[in-house]
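Understanding the architecture of this molecule
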Amino acid sequence: MSLPVFVLRRLAGAAVLLVLLSAAVFAATDVLPGDGVSAVAGVDASEARRAAVRTELGLDRPAAERYAHWAADAVRGDLGRGFVGERPVTGVLATRLPNSLLLAGLTLAVTAPLAALLGLWTGLRGGTADRLVSAGAQVLAAVPEFVVAALLVAVLAVWLEVLPRVAVIPLGATPLDVPHALVLPVLTLSTVALAVATRLLRVSVADVAATPYCEAARLNGVRGVRLAVRYILPNAAGPAVQALTLTTGALVGSAVVVENVFDYPGIGRELQLAVAARDIPMVQGIATALVAVMLAVLLLGDICARLLGAGKEHRR
């Protein structure tokens, strides 16, 4: 299958999946307790006022009709307005999503090289070092993000007092204007992501190292760095990219937790506030945008793995 056909098929699959997942998000928000009317009418509003607001917001229409209307507007780039403050969802995404992408990018910049080194070292070395690193990664991968965040706060903010527990970002500023506001969130996400990525990369390296052509290379005297650079890395690159892609996808869910722990002004924090306020249009728009980001990352990872795989076959 040629690369253009491969990309088109993946794009078509991602589009179908995005529609299905957006419908699932819409259905999930539809069954949440409360319908957001209180956010607009007020908690003490009369039943007549609540009924009028419900009609005004279109919440009295069937769910299928509301979803079809929302999807038609979304195709045109209009994700609606939130119930709270009537803020446009696209405006919130434009403001908050870059902050979350910055957090994810810095996390990957820290995680990727460390995971590559640890995965390569443990996958080739084996023995006690491999067992210790693998066991440590397995334990860290099982620890919830908020527990890791609490431990880092206890050590760095409370005990050592080298960082503030929450760094306030002034209105109109970006996280880059307050760099120390990024340290604890990035450390938390990197700790969890490093554990997951190291385990995945270690398996990829070990599988490649056990292949016949690597065994033949060892018999011909190729070892150490030369073996890793010439045989291991080129053939483990595709699986390594897919492993990092899965790690990136997992960062989306982790970021929602971490942003709320550190009061970081990202899209995960905005999603939590929208859920708490039963701001249904905001929840639907943000959740769908996060799904689209995850699908785009997975698609990019598949394309990179395909290109690396084609290069591997060409080298052989």
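Refer to the structure presented above.
Residues numbered from 1 in each chain as written. Predicted model: local features only at pLDDT ≥ 70, side-chain atom pairs only at ≥ 80, totals over all residues. Heavy atoms only, no water.

**Some details on the pattern of salt bridges**
Close approach of charged atoms lets side chains of opposite charge pair. By the definition in use, this model includes seven salt bridges. Between R87 and E270 there is a salt bridge, with the nearest N and O atoms lying 2.7 Å from each other. One end of the pair, R87, is in the loop between α4 (63–75) and α5 (89–125); the other, E270, is in helix α11 (residues 267–276), and 183 residues separate them in sequence. Of the residues examined, R87 reaches a relative accessible area of 34% and is grouped as partly exposed. Measuring nitrogen to oxygen at the nearest pair gives 3.3 Å for the salt bridge that ties E270 to R96. Of this pair, E270 sits in helix α11 while R96 sits in helix α5; the two residues are 174 residues apart in sequence, bridging distant segments of the chain. Judged by relative accessible area, which is 7%, E270 ranks as buried. One continuous salt-bridge network, built from bridges that share partners, spans R87, R96 and E270. (Salt bridge = Lys/Arg side-chain N within 4 Å of Asp/Glu carboxyl O. Helix = DSSP H or I, 4+ residues; strand = E, 2+ residues; numbered from the N terminus. Buried < 20%, exposed > 50% of the residue type's maximum accessible area, 1.4 Å probe, protein only.)

**Concerning α5**
Helix length check: α5 (37 residues) gives 50 Å between terminal C-alpha atoms against 54 Å at 1.5 Å per residue, within 8%. When the local axis directions of α5 are compared, the greatest deviation, roughly 30°, occurs at R96, which is followed within four positions by the proline P98. Following α5 by one or two positions, G126 has its phi on the positive side, about 70°. (Expected span 1.5 Å × (residues − 1). Bend = angle between axes of the 7 residues up to and from the residue.)

**Looking at the packing of aromatic side chains**
Under the definition given, this model contains three aromatic pairs. Between F26 and Y67, the ring centres sit 5.4 Å apart and the planes meet at 70°, which makes this aromatic pair edge-to-face. Within this pair, whereas F26 is found in helix α1 (residues 3–30), its partner Y67 is found in helix α4, the two being separated by 41 residues in sequence. Since its relative accessible area comes to 7%, F26 is described here as buried. Three or more aromatic residues joined by ring pairs form one cluster here, namely F26, Y67 and W70. Taking NZ or CZ as reference, R306 lies 4.8 Å from the ring centre of F6, over its face. (Phe/Tyr/Trp six-rings, centres within 6.5 Å; stacked < 30°, edge-to-face > 60°. Lys NZ or Arg CZ within 6 Å of the ring centre and 35° of its normal.)

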